[in-house]
Amino acid sequence: MLISIASGKGGTGKTTLALLLAAAHSQVTLLDCDVEEPNCHLFLQPQWQAAGQDITVMVPHIDSDRCTGCGACSAVCLFSAIAISGNSAILFDELCHSCGGCLLACQQAAISEEQKTIGTLTAGTAAAHPGIYLLKGTLKVGTPSAVPLIKQMKQTGLQLAGDILIDCPPGTSCSMVTAVKDSDFCILVTEPTPFGRHDLELALNITRLLRLPTGVVLNKSDGAAGDESIETFCASRQVPILAKIPHSLAFARQYAAGCIPGEFQSIAASIWQQLKAERSAGT
Ligand code: SF4
Ligand code: SF4
């Protein structure tokens, strides 16, 4: 079962929930797809299996001897990654999205492709939780899109047996869409605030468009008006609330110290039960 854990914005407790769910499972693969700021490894202290694998994309290489400066490549590039100066094309590869359009446009065979490293993928087993196998993606600073790296991570993870959890990038960008796409179930984590509700709605619009079965976990539950607002919204969209996680100072202290707190493991176990029931109902 492929479970994605996402949120409409950062700081809602998405990674916390991913870690809680991972720790409540006997054998699971966790993909840290929050590749601009991966931090699951800080809690899991994995024994890395090997040096990180470089993840590459293809970018154009322009042969200035063949280039006539006709501008066809620049005209076709939607990302303004090619400019024409005098009689030659100049590539700004930090803007390139590797679509390959310029190669097709060039009639002079002046463009070829070469590999560019966009990040690394490392893997290892958690020291204190040997049932958790972590895949961590790290995007190279300055890389315009995390999509190719996240795709590669998912491809690698799907070759492994058993359940997979994906800690998604926050927000509702292309990276988040790539991370949640094709999951069997998406959990959206939110908070009992107007901002939380607003961003939950944006994230829910994405999972609806992708036709993903979706549930909500309400973190930092206040047991009052904030909760009611989220409950009313979820009811109006017919989305189940899988769990509410209350504020806990002890939990926050342990988490801040880099541990996966033992508290709320019963909540995590209950979420797994609901996911299994969902899977049974869908088969
Ligand atoms: S399309 Fe080819 S020939 Fe024309 S400017 Fe681009 S690289 Fe040069
Ligand atoms: S590969 Fe695509 S994005 Fe990159 S320079 Fe060519 S047309 Fe632009």
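In this report, the structure presented in the accompanying data block is examined. All values derive from a computational prediction rather than experimental measurement. (Residues numbered from 1 in each chain as written. Chains lettered and ligands numbered in written order. Predicted model: local features only at pLDDT ≥ 70, side-chain atom pairs only at ≥ 80, totals over all residues. Heavy atoms only, no water.)

On to the site of ligand 1, then. Surrounding ligand 1, one finds 13 residues, the nearest of these being Cys67, Cys70, Gly71, Cys73 and Cys106. Tallied by class, the residues present in the shell around ligand 1 amount to nine nonpolar, four polar and no charged. (Near = heavy atom within 4 Å. Nonpolar A, V, L, I, M, F, W, Y, C, P; charged D, E, K, R; others polar.)

As paired strands, strand S5 (residues 82-85) and strand S6 (residues 88-91) are joined by four bridges and run antiparallel to one another. When the sheet's bridge partners are listed, Ile82 is paired in S6 with Leu91. The antiparallel pairing of S5 with S6 creates a hairpin that spans two residues between the two strands, and Gly86 there sits at a positive phi of about 65 degrees. (Pairing = 2+ DSSP bridges. Helix = DSSP H or I, 4+ residues; strand = E, 2+ residues; numbered from the N terminus.)

Moving on: the pattern of salt bridges. Within the structure shown, the criterion is met by nine salt bridges. We note a salt bridge from Lys14 to Asp167, for which the minimum N-O separation is 2.8 Å. One end of the pair, Lys14, is in helix H1 (residues 14-23); the other, Asp167, is in strand S9 (residues 163-167), and 153 residues separate them in sequence. The exposure class assigned to Asp167 is buried, which follows from its relative accessible area of 0%. Between Arg66 and Asp63 there is a salt bridge; the shortest N-O distance is 3.9 Å. With relative accessibility at 45%, the residue Arg66 sits in the partly exposed group. (Salt bridge = Lys/Arg side-chain N within 4 Å of Asp/Glu carboxyl O. Buried < 20%, exposed > 50% of the residue type's maximum accessible area, 1.4 Å probe, protein only.)

Our next topic: the environment of Cys186. Looking at the secondary structure, you find Cys186 in strand S10 (residues 185-190). When its relative accessible area of 0% is taken as the criterion, Cys186 is described as buried. Through-space distance from the C-alpha of Cys186 to that of Arg211 is 10 Å; in sequence the pair is 25 residues apart.

A few words now on the site of ligand 2. Inspection of the region around ligand 2 gives Pro60, Cys77, Phe79, Ala81, Ile82, Leu91, Cys96, His97, Ser98, Cys99, Gly100 and Cys102 as its neighbouring residues. Split by residue class, the shell around ligand 2 holds nine nonpolar, three polar and no charged.

Mapped onto the fold, Gln152 is located in helix H5 (residues 147-158). Measuring from C-alpha to C-alpha, the distance between Gln152 and Ile55 comes to 7.7 Å, with 97 residues separating the pair along the chain.

Take unusual backbone geometry next. In this model, Gln45 sits at a positive phi of 45 degrees, which is unusual for a non-glycine residue. On the secondary structure map, Gln45 appears in the loop between helix H2 (40-44) and strand S3 (46-48). In this structure, Ser98 takes a positive phi of about 55 degrees despite not being glycine. Structurally, the position occupied by Ser98 is in the loop between S6 and helix H4 (101-105).

Looking now at the packing of aromatic side chains. Within the structure shown, the criterion is met by three aromatic pairs. Summarising the aromatic geometry, the rings of Phe251 and Phe264 are spaced 5.0 Å apart at their centres and angled 40 degrees between planes, so their arrangement reads as tilted. Placement of the pair is Phe251 in helix H9 (residues 249-256) and Phe264 in the loop between H9 and helix H10 (265-282), with a sequence separation of 13 residues. One exposure class covers both Phe251 and Phe264, and it is buried. (Phe/Tyr/Trp six-rings, centres within 6.5 Å; stacked < 30°, edge-to-face > 60°.)

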